[in-house]
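Descriptive analysis of the structure
If you want the building blocks of each chain, they are given just below.
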Amino acid sequence: MDMIKIEKVKKIYKTKKENVVALDNISFVLPDKGLIFIDGVSGCGKTTLMNILSGLDKTTEGKIYIFGNDMTDASDKEWDYLRNKDIGIIFQDYNLLDDLSIYDNVLLSLKKIEMDCKEEEIDDVLKYVGLYEFKHRLCSELSAGQKQRVAIARGIIKKPKIILADEATGNLDPDNTDNVLELFDKISKDKLVVIISHD
């Protein structure tokens, strides 16, 4: 089954001075699992594309299908439901609360979508990303690589079918980049992982 399909997608941002074409006639199909990279120079429309794939932005023209369902004109409520249930988003700036622990940051993401989860399940995810032994450490005390792994843990705890990562290695040194990419590769064995990157 096709996980994501977009057809002739166009996105135009209207400013006072001009219309800016961010995406122009983009079409592709993505499978139900695997590791996909969408790369390109800064300003070429990568983040706009991710925002459209996650329903955070709307197309100007074209169609978007998720799990075979036409989401082109879906309401914000329908997209919220889909993101809460099946799409994990990992942002470049992590979006962590620094005054909370690793464990509480992951737990908070579940409370936000009113999803119940046992402590053992969170512990299992933290073991999966290699952070279990630091679970009570404040996020303000973490390295960039550790923060990115917390963001990944938060993205996968709800067991989504799709992971969208925007510049997930942009703030990392080469060693941490390799570690995070190995983690994404492991996750992609049974999920679709889409990484937006300029590198």
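Above this note sits the structure.
The notes below deal with the structure included here. (Residues numbered from 1 in each chain as written. Predicted model: local features only at pLDDT ≥ 70, side-chain atom pairs only at ≥ 80, totals over all residues. Heavy atoms only, no water.)

**As for the overall build of the protein**
Helix and strand counts for the protein come out as 6 helices and 8 strands. Scanning the protein from its N terminus toward the C terminus, one meets helices and strands in the order β-β-β-α-β-β-α-β-α-α-α-β-α-β. With respect to the principal axes defined by its C-alpha atoms, the protein has extents near 50 × 35 × 35 Å. Counting every position in the protein, which comprises 199 residues, the buried fraction comes to 47%. Between the mean site of the 29 positive side-chain charges and the mean site of the 36 negative ones, the protein shows a separation of 4 Å. (Helix = DSSP H or I, 4+ residues; strand = E, 2+ residues; numbered from the N terminus. Buried < 20%, exposed > 50% of the residue type's maximum accessible area, 1.4 Å probe, protein only. Lys, Arg positive; Asp, Glu negative; His and termini not counted. Charge placed at Lys NZ, Arg CZ, Asp CG, Glu CD.)

**Re the environment of A151**
As for its placement among the helices and strands, A151 is situated in helix α5 (residues 144-156). A relative accessible area of 3% means that A151 is categorised as buried. Here the alpha-carbon distance between A151 and S75, two residues 76 residues apart in the chain, equals 27 Å. Among all residues touching A151, those that are not within four sequence positions of it are I90, Y94 and L96. (Contact = heavy atoms within 4.5 Å.)

**Thoughts on the pattern of salt bridges**
Per the counting criterion, the structure on display carries 12 salt bridges. Of the charged contacts in the structure, one is a salt bridge between D57 and K11, with a shortest N-O distance of 3.1 Å. Of this pair, D57 sits in the loop between α1 (46-53) and β4 (61-66) while K11 sits in strand β1 (residues 4-14), placing them 46 residues apart in sequence. Each of E119, D123 and K135 takes part in a single network of salt bridges with overlapping partners. (Salt bridge = Lys/Arg side-chain N within 4 Å of Asp/Glu carboxyl O.)

**Some details on the environment of K17**
Mapped onto the secondary structure, K17 falls in the loop between β1 and β2 (19-30). For the pair formed by K17 and E119, sequence separation is 102 residues and the distance between their alpha carbons is 53 Å.

**Description of the packing of helix α3 (residues 102-112) against helix α4 (residues 119-128)**
At a closest axis distance of 11 Å, the pairing of α3 and α4 adopts a crossing angle of 120°. Taken as a pair, α3 and α4 cross one another with a handedness that is right-handed. Facing I102, Y103, V106, L107 and L110 of α3, the residues of α4 in contact are E119, I122, D123 and L126. Along the lines of polarity and charge, the residues of the contact of α3 with α4 split into 7 nonpolar, no polar and 2 charged. (Axes fitted to C-alpha atoms, helices over the stretch in contact; angles between N-to-C directions. Left-handed = near helix turned anticlockwise from the far one by under 90°. Nonpolar A, V, L, I, M, F, W, Y, C, P; charged D, E, K, R; others polar.)

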